[in-house]
Amino acid sequence: MELRSAPQRRKPASPEPSQGPCVASPSPSSPSLPPLPPRISRVLYLDLDLHHGDGVESAFFTTPYVLTLSVHLHAPLFYPSTGALDSSGPSNPKAQGAAHALNVALEPGCAEETLRRVFASCVERLKEAYDPDAVVLQLGVDGLAGDPCKEWNLNLAALGYAVERVLQWNRRTLLLGGGGYDSPNAARAWAYLTSLGRGLPLDTPIPPDLPSAQYELFAPSFTLDVPEGYMRDANTEETLRRVEKTFEVCEDKLRTRWKRVAG
Ligand SMILES: [Zn+2]
């Protein structure tokens, strides 16, 4: 697997470490921002961290103007145990924030193919239905292969795909960090994902002029890539169809409520 490469350029990057478990930390947003809309009235908060984005979700339970969409592992005893597929916000269907806290609850072993599939069948369709003015993309990287969580099997290209797709929506976009507990891989990921956000995709070799103690952290590959491992993806066709059927209903509700009036 190859990351997007730009052999003519190599930019050093030093993302800040996160401050605690899965705490979002800011990184630069896209340089080629579309013009500000007259008023930002709808924000999509898309969370790709391994863990459910329970804190942000609950913070916006009272409003329909922020749609939270968390793609995460939901398994018995796995922290924080919230974010089931059928959980979509306040239980009262007449509450303002009802059906605006959505959850793509997945099984262990999620790899690139699964993430790409749910991105197309759930995330992109929700975005079309909600039609946000701005997007906040939380890039937790604890779902990468090799993370000490040992739950998902994503490669770095999968997260790069997500970033590129979101940027192609051409909305005001803010990229955030998140969880990620293998430090060299987190550094790889945030350097690469930030480079996509800047429109300057990094080359894959780790710069050999780093101090040797830091350079050796990137052994044995000394590349920016984080490849998939050999974990079985437990997201079967049945699992994914169940998720997609749920999201078809969510999409219909959103499309009806948020259809923009021409002119
Ligand atoms: Zn996490």
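Residues numbered from 1 in each chain as written. Predicted model: local features only at pLDDT ≥ 70, side-chain atom pairs only at ≥ 80, totals over all residues.

Identification of the protein as histone deacetylase from Rhodotorula paludigena is taken from an unreviewed UniProt entry. Under the UniProt heading Sequence similarities (unreviewed entry), the entry covering the protein gives this text: "Belongs to the histone deacetylase family. HD type 1 subfamily." Its UniProt record, at the heading Subcellular location (unreviewed entry), says of the protein: "Nucleus". (UniProt positions renumbered as here; feature names shortened; annotations may be inferred.)

**Student:** Hey, could you run me through the confidence of the model for the protein in this one?
**Tutor:** Close reading of the predicted structure is inappropriate where its pLDDT is low. On average, the protein scores 88 in pLDDT, and the residues at 70 or more come to 85%. A low-confidence stretch, residues 5-21 (pLDDT under 50), is modelled with 35 contacts involving residues beyond four sequence positions or located in other chains. (pLDDT = per-residue confidence, 0-100. Contact = placed C-beta atoms within 7 Å.)

**Student:** Where do I start with the packing of helix 2 (residues 112-130) against helix 3 (residues 156-168) in this structure?
**Tutor:** When two helices pack together, their arrangement is captured by the angle between the axes and the distance separating the axes. Direction vectors running N to C along helix 2 and helix 3 enclose 20 degrees, while the axes themselves pass 9 Å from each other. Considering the angle they form, helix 2 stands roughly parallel to helix 3. Crossing of helix 2 over helix 3 shows right-handed handedness. Between helix 2 and helix 3, the residues in contact are Glu112, Leu115, Arg116 and Phe119 and Ala157, Ala158, Tyr161, Ala162 and Arg165, respectively. For the contact of helix 2 with helix 3, the per-class residue count stands at six nonpolar, no polar and three charged. (Axes fitted to C-alpha atoms, helices over the stretch in contact; angles between N-to-C directions. Helix = DSSP H or I, 4+ residues; strand = E, 2+ residues; numbered from the N terminus. Parallel < 35°, antiparallel > 145°, perpendicular 65-115°, else oblique. Left-handed = near helix turned anticlockwise from the far one by under 90°. Nonpolar A, V, L, I, M, F, W, Y, C, P; charged D, E, K, R; others polar.)

**Student:** Can you walk me through the pairing of strand 3 (residues 101-106) in this structure?
**Tutor:** Consecutive side chains of a regular strand alternate in pointing toward one face of the sheet and then the other. Judged by how many residues are buried, strand 3 sits mostly within the fold: six of six residues are covered. Taking every second residue as pointing to the same face, both faces of strand 3 are buried, with Ala101, Asn103 and Ala105 on one and Leu102, Val104 and Leu106 on the other. As judged from the six bridges shared by strand 2 (residues 66-73) and strand 3, these two strands associate in the parallel manner. Looking at the pairing, Thr68 lines up with Ala101 of strand 3. (Buried ≥ 20, exposed ≤ 12 C-beta atoms within 10 Å, placed from the backbone. Pairing = 2+ DSSP bridges.)

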